[in-house]
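# Summary of the model geometry
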Amino acid sequence: MYAEGKGIKQNFKIARDYFYSAARKGHSGALNKLGLMFLSGNGVRQNYMKAVYYFCLAAKRGETEAWHNLGIMYVDGQGVKKNKRIARQLIKRSAVYKKPGTRRFYQRLI
């Protein structure tokens, strides 16, 4: 709620604290949200390597969106060496689990 500002004033620092708390308990969605925060720099200092770290943790816990986000980072070379082969694998994996919009993106990569 705090990250999106739905029903309350948007506050990335409070959102970050909630995401950290949930992430410590193993919540894959919170790990992915932390990755997005580090990717964008909202509520934290932008850090692509930390974004990759949190996306990897979330993906290992089965978070489909994290596979997609990690793939995009490989496409763009953010926090990792640019690698379209790895990007395709990650985005394909996300597409298999039906992340909306991922199938179209994957088709453009092949």
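Fair warning: this is a prediction, and the values are worked out from it, not measured in the lab. (Residues numbered from 1 in each chain as written. Predicted model: local features only at pLDDT ≥ 70, side-chain atom pairs only at ≥ 80, totals over all residues. Heavy atoms only, no water.)

## Quick notes on the overall build of the protein chain
- Of the regular secondary structure elements, the protein chain holds six helices and zero strands.
- For the protein chain, the sequential pattern of α-helices and β-strands runs α-α-α-α-α-α.
- Looking at the protein chain residue by residue over its 110 residues, the buried ones come to 37%.
- Pairs at least 24 residues apart make up 33% of the contacts formed inside the protein chain by residues separated by at least 6 positions.
- As presented, the protein chain carries roughly 6,900 Å² of accessible surface, and 51% of it is formed by carbon and sulfur atoms. (Helix = DSSP H or I, 4+ residues; strand = E, 2+ residues; numbered from the N terminus. Buried < 20%, exposed > 50% of the residue type's maximum accessible area, 1.4 Å probe, protein only. Contact = heavy atoms within 4.5 Å. Areas by Shrake-Rupley, 256 points an atom, 1.4 Å probe, with all protein chains shown as cover.)

## Considering the nonpolar core
- Core analysis: the largest hydrophobic core is formed by 25 residues, its most contacted members being Phe19, Leu70 and Tyr74.
- Contributing elements (two or more residues each) for this core: helix H1 (12-24), helix H2 (28-40), helix H3 (48-60), helix H4 (64-76) and helix H5 (84-96).
- If sequence neighbours within four positions are ignored, leucine 70 has contacts with Val52, Phe55, Cys56 and Leu90. (Core = buried A, V, L, I, M, F, W, Y, C linked by side-chain atoms within 4.5 Å.)

## Remarks on the packing of H1 against H2
- Close contact between H1 and H2 brings their axes to 8 Å; oriented N to C, the two are set at 140°. One finds that H1 runs oblique with respect to H2. Pair H1 / H2 crosses with left-handed handedness. Residues Phe12, Arg16, Phe19, Tyr20, Ala22 and Ala23 of H1 form the contact with H2, whose participating residues are Ala30, Leu31, Lys33, Leu34, Met37 and Phe38. (Axes fitted to C-alpha atoms, helices over the stretch in contact; angles between N-to-C directions. Parallel < 35°, antiparallel > 145°, perpendicular 65-115°, else oblique. Left-handed = near helix turned anticlockwise from the far one by under 90°.)

## Overview of the pattern of salt bridges
- Evaluated as defined, the whole model comprises one salt bridge.
- Across the pair arginine 16 and aspartate 17 runs a salt bridge, and its minimum N-O distance is 3.4 Å.
- By relative accessible area, which is 21% here, arginine 16 ends up partly exposed. (Salt bridge = Lys/Arg side-chain N within 4 Å of Asp/Glu carboxyl O.)

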